[in-house]
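Listed below, chain by chain, are the residues.
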Amino acid sequence: MADEAKARGNAAFSAGRFDEATRYFSEAIDLAPTNHVLYSNRSAAYASLNRYAEALADGRKTVEIKPDWSKGYSRLGAAHVGLGDYEEAIAAYQKGLDLDPSNEALKSGLADARKAASRSRAPPAASPFGNIFQGPEVWAKLTADPSTRAYLQQPDFIKMLQDVQKNPSSLNLYLQDPRMMQVLGVLLNVKMRASTPEEMETDIPENENKKSQGDTANAHKAEPVIMEVTDEEKQAKQRKAEAQREKEAGNLAYKKKDFEKAISHYTKAVELDDEDISFLTNRAAVYLEMGKYEDCMADCDKAVERGRELHADFKMIARALTRKGSALVKLAKCSKDYEPAIETFQKALTEHRNPETLKKLNEAERAKKEFEQQEYYDPKIADQEREKGNEFFKEQKYPEAVKHYSEAIKRNPHDPKVLSDSQKELARPTLDSTYFSNLVLGIWNYGSCGHTYSNRAACYTKLTALPEGLKDAEKCIELDPSFSKGYTRKGAIQFFMKEYDKALETYQQGLKFDPKNQELIDGIRRCVEQINRTNRGDISPEELKERQAKGMQDPEVQNILSDPIMRQVLVDLQENPSSSHEHLKNPQIMNKIQKLISAGIVQMR
């Protein structure tokens with residue numbers, strides 16, 4: 001999946017579709033977040049869009065993941081150059097060359113960065129227009145004028161404008177950009193247009209030429225020509241300003257929970273200005289609060305469609321898609337209803353990676369899964385599957401039994417009971433060659449009531465899948481703590497794992513609920529016998545070595561052996577047994593010593 005998204009991103013990048021490339025690379029990163037090449041590729045795509053801050057972040061991530069990859073420093077250097085941080089760029093290129101001295105791309109980048117750094121040290125000439133960019137009215141003028149409004153949705157233009165506001169002398173650096181010339185015209189109230197070739201080649205009449213030469217000294221005093229604004233343009237500006245006022249009134253009404261009034265204001269704003277999709281997304285938010293989900297989705301669809309036509313900010317389109325997804329979630333009544341909501345949230349994330357949208361996507365996926373489980377619930381089928389599992393268990397076909405028990409659990413996961421009319425009675429376990437088999441099966445009495453988890457635990461034990469069997473036995477006890485069969489299953493598995501002390505504890509817990517249960521009593525007897533054998537040292541060296549190795553893996557044993565007090569107690573027991581009796585009077589110390597004895601770490605003679 002990550003390779004496929006990467007391939008699409010590379011194809012989009014090669015075709016010059018850099019926005020599309022960043023989306024595909026982002027998808028690939030979500031699937032393979034530790035792949036340094038993906039961050040490198042997305043950094044290049046961001047740099048191509050003049051989004052150098054994002055390019056820098058991805059360049060840093062690239063070298064963080066793969067610090068010995070020279071190309072990562074090339075991406076880092078390019079991003080620093082784009083941001084005007086030439087000294088940082090030089091350092092990045094130099095670090096890359098330290099790793100790969102013959103890399104021509106790094107050499108070229110370093111040379112360019114040094115040249116740019118030299119040029120940046122010379123102060124630019126002051127611009128006479130720099131001061132017109134000061135003051136809050138600048139943004140209002142550019143928003144109201146249709147020829148410049150779209151620029152405010154372009155991150156590179158916003159950065160350029162903020163740079164001029166901070167440093168008016170930097171205006172000369174941006175006069176090559178036609179957008180800046182258009183902005184100058186709006187702020188100076190002059191209609192700016194580029195000269196055509198015909199105008200540039202027109203001869204100046206001789207008498208006018210002389211006159212212009214005579215007036216050259218006073219040329220700088222001439223006032224700029226104020227261009228006439230048509231009535232249509234005036235009305236358009238007025239409508240846009242009125243639309244903004246309606247939007248603000250709608251926002252205020254929304255905060256006061258006066259939804260009908262908010263709808264009215266947003267609707268008027270849409271009628272006055274159809275080039276601002278925020279009016280639609282705001283109205284959609286109100287419809288969502290009111291529970292009018294169909295109206296909400298209709299507004300979101302209109303916002304996305306109109307936003308595409310206007311090349312609106314991708315964040316606005318993502319917001320509309322997220323609101324639509326939220327409405328679809330509210331309408332969902334089954335697992336399949338969540339599929340369009342999940343798809344809509346995913347589309348929103350391809351437009352803009354917003355944490356809130358990602359959270360909504362995760363919640364929708366989780367709700368879909370819960371609905372699927374509810375829809376899969378069927379007690380009758382669960383009973384049928386359980387019966388099949390019992391039949392296969394009797395036939396000693398344990399893998400097939402596990403399959404049907406698992407299906408029964410899926411169909412009715414919270415029902416603790418098992419239909420056990422087919423359960424057969426087995427002999428009590430002995431220590432002969434059939435001990436393992438009998439102990440696994442336990443005592444299955446006709447007409448008794450067990451648990452599906454308990455039955456599956458028995459199958460797993462027969463298949464020597466002891467960890468899985470132990471989990472099922474514990475789940476059985478969790479569902480019904482008073483069910484003695486769960487304790488016999490768990491104790492039997494722990495006994496086979498040679499964890500006799502744990503098995504003893506399990507059997508004792510079971511006796512609290514069923515004091516006369518012979519199987520639990522026999523289990524305690526067997527555990528005590530094995531523990532006594534260990535205490536007497538009546539086990540083979542191989543058994544002792546195995547138990548010690550397993551005991552050393554037990555976190556509780558590790559904690560006991562790392563305790564300085566217990567280490568001193570063990571030294572006293574070994575070097576001065578007569579004086580160590582005081583230690584054994586302490587119940588906590590005695591319990592810890594018993595744990596070490598059971599693990600085979602300590603032997604009492």
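In this text, all values refer to a predicted model and were calculated from it rather than measured experimentally. (Residues numbered from 1 in each chain as written. Predicted model: local features only at pLDDT ≥ 70, side-chain atom pairs only at ≥ 80, totals over all residues. Heavy atoms only, no water.)

Relative to the helices and strands, A408 resides in helix α21 (residues 398-411). Each residue touching A408, except ones within four places of it in the same chain, is listed here: A382, E385, R386 and T452. (Helix = DSSP H or I, 4+ residues; strand = E, 2+ residues; numbered from the N terminus. Contact = heavy atoms within 4.5 Å.)

The topology assignment puts Y254 in helix α13 (residues 231-255). For the pair formed by Y254 and N282, sequence separation is 28 residues and the distance between their alpha carbons is 9.2 Å. Within the local environment of Y254, its side chain forms a polar contact with the side chain of E289, the two groups lying 3.4 Å apart. (Polar contact = N/O pair within 3.5 Å; in protein donor to acceptor, adjacent residues only side chain to side chain.)

Moving on: the pattern of salt bridges. Once the charged atoms of two side chains with opposite charge are near each other, the side chains can pair. Under the criterion given, the structure shown has 33 salt bridges. Close ionic contact of D273 with K240 constitutes a salt bridge, the shortest N to O distance being 3.2 Å. A residue pair is termed long-range when its members are at least 10 positions apart, and D273 in the loop between α14 (259-272) and α15 (278-290) and K240 in helix α13 qualify at 33 residues. Put simply, E275 and K240 hold a salt bridge, and the shortest N to O gap is 3.2 Å. Of this pair, E275 sits in the loop between α14 and α15 while K240 sits in helix α13, placing them 35 residues apart in sequence. Owing to a relative accessible area of 35%, E275 belongs among the partly exposed residues under this scheme. When salt bridges that share partners are traced, they join R149, K240, D273 and E275 into one network. (Salt bridge = Lys/Arg side-chain N within 4 Å of Asp/Glu carboxyl O. Buried < 20%, exposed > 50% of the residue type's maximum accessible area, 1.4 Å probe, protein only.)

Within the secondary structure, H36 is located in helix α3 (residues 36-48). H36 sits in the buried class, given a relative accessible area of 18%. In contact with H36, other than residues within four places in its own chain, are T62, I65, K66 and W69.

Attention shifts here to empty space enclosed by the protein. Summed over the entire model, instances satisfying the criterion amount to 4 cavities of 30 Å³ or more. In this structure, the largest cavity occupies an estimated 50 Å³ of space. Lining the largest cavity are K498, Y500, Q530, R533, T534, I539, E543 and R547. The set of elements that each furnish at least two residues to the lining of the largest cavity consists of α27 (518-536) and α28 (541-552). In terms of residues, the lining of the largest cavity owes the most to one element, α27, which gives 3 residues. (1 Å grid on protein atoms, 1.4 Å probe; cavity = no way out; pocket = protein on both sides within 12 Å on 5 of 7 lines; lining within 4 Å. Points joined across faces, edges and corners; volume = space filled by probe spheres on them.)

This brings us to the UniProt feature "repeat: TPR" (unreviewed entry) in the protein chain. With numbering matched to this structure, UniProt assigns "repeat: TPR" (unreviewed entry) to residues 2-35, 70-103, 243-276, 382-415 and 484-517. Note that residues 70-103 is 79% helix and 0% strand, and that its end C-alpha atoms are spaced 8 Å apart. Counting secondary structure, residues 243-276 comes out at 79% helix and 0% strand; the distance between its end C-alpha atoms is 9 Å. (UniProt positions renumbered as here; feature names shortened; annotations may be inferred.)

The subject of this paragraph is the packing of aromatic side chains. If you walk through the whole model with that rule in mind, you get 7 aromatic pairs. For the pair Y254 and F259, a centre-to-centre distance of 5.9 Å together with 45 degrees between the ring planes defines the contact as tilted. Overall, F259 belongs to the buried group, its relative accessible area being 16%. Plain terms: the ring middles of F495 and Y500 are 5.1 Å apart, the flat faces sit at 65 degrees to each other, and that makes the pair edge-to-face. Accessibility classification places F495 together with Y500 in one group, the buried group. Lying across the ring of Y376, R411 places its NZ or CZ 3.7 Å from the centre. A cation over a ring is seen here: R526 above F495, with NZ or CZ 6.0 Å from the ring centre. (Phe/Tyr/Trp six-rings, centres within 6.5 Å; stacked < 30°, edge-to-face > 60°. Lys NZ or Arg CZ within 6 Å of the ring centre and 35° of its normal.)

Turning next to the packing of helix α26 (residues 500-513) against α27. The interhelical angle for the contact between α26 and α27, taken along N-to-C directions, is 155 degrees, at an axis separation of 9 Å. Relative to α27, the element α26 is oriented roughly antiparallel. Where α26 crosses over α27, the two elements pack in a sense that is left-handed. Contacts between α26 and α27 involve Y500, D501, A503, L504, Y507, Q508, G510 and L511 on the former and, on the latter, L520, I521, G523, I524, R526, C527, V528, Q530 and I531. A per-class count over the contact of α26 with α27 returns 11 nonpolar, 4 polar and 2 charged. (Axes fitted to C-alpha atoms, helices over the stretch in contact; angles between N-to-C directions. Parallel < 35°, antiparallel > 145°, perpendicular 65-115°, else oblique. Left-handed = near helix turned anticlockwise from the far one by under 90°. Nonpolar A, V, L, I, M, F, W, Y, C, P; charged D, E, K, R; others polar.)

Now for α15. In this model α15 runs 18 Å from its N-terminal to its C-terminal C-alpha over 13 residues, within 8% of the 18 Å that 1.5 Å per residue would give. Residues of α15 that are buried include every one of S278, F279, L280, T281, N282, R283, A284, A285, V286 and Y287, and no others. Buried positions along α15 lie against α13, α14, α16 (293-310) and α17 (314-331). Positive phi shows up at G291, right after α15, with a value of about 85 degrees. (Expected span 1.5 Å × (residues − 1).)

Let us look at unusual backbone geometry. Notably, N50 is not glycine yet its phi reads approximately 65 degrees, a positive angle. One can find N50 in the loop between α3 and α4 (52-65). At K257, a residue that is not glycine, the phi angle is positive and equals roughly 65 degrees. Mapped onto the secondary structure, K257 falls in the loop between α13 and α14. When its relative accessible area of 55% is taken as the criterion, K257 is described as exposed.

With that settled, the discussion passes to the packing of helix α9 (residues 155-166) against helix α10 (residues 178-188). Contact pair α9 / α10: the axes reach a minimum separation of 11 Å and the direction vectors enclose 55 degrees. The angle between α9 and α10 places the two elements in the oblique class. The element α9 and its partner α10 pack so that their crossing is right-handed. Residues D156, F157, M160 and V164 of α9 form the contact with α10, whose own contacting residues are R179, M180 and V183. In the contact of α9 with α10, the residues fall into 5 nonpolar, no polar and 2 charged.

The next point concerns the side chain of N282. Structurally, N282 can be placed in helix α15. In terms of polar contacts, N282 uses its side chain to reach the side chain of N251, at 3.1 Å. For N282, the residues in contact, after removing those within four places along its chain, are K247, N251, Y266 and R323.

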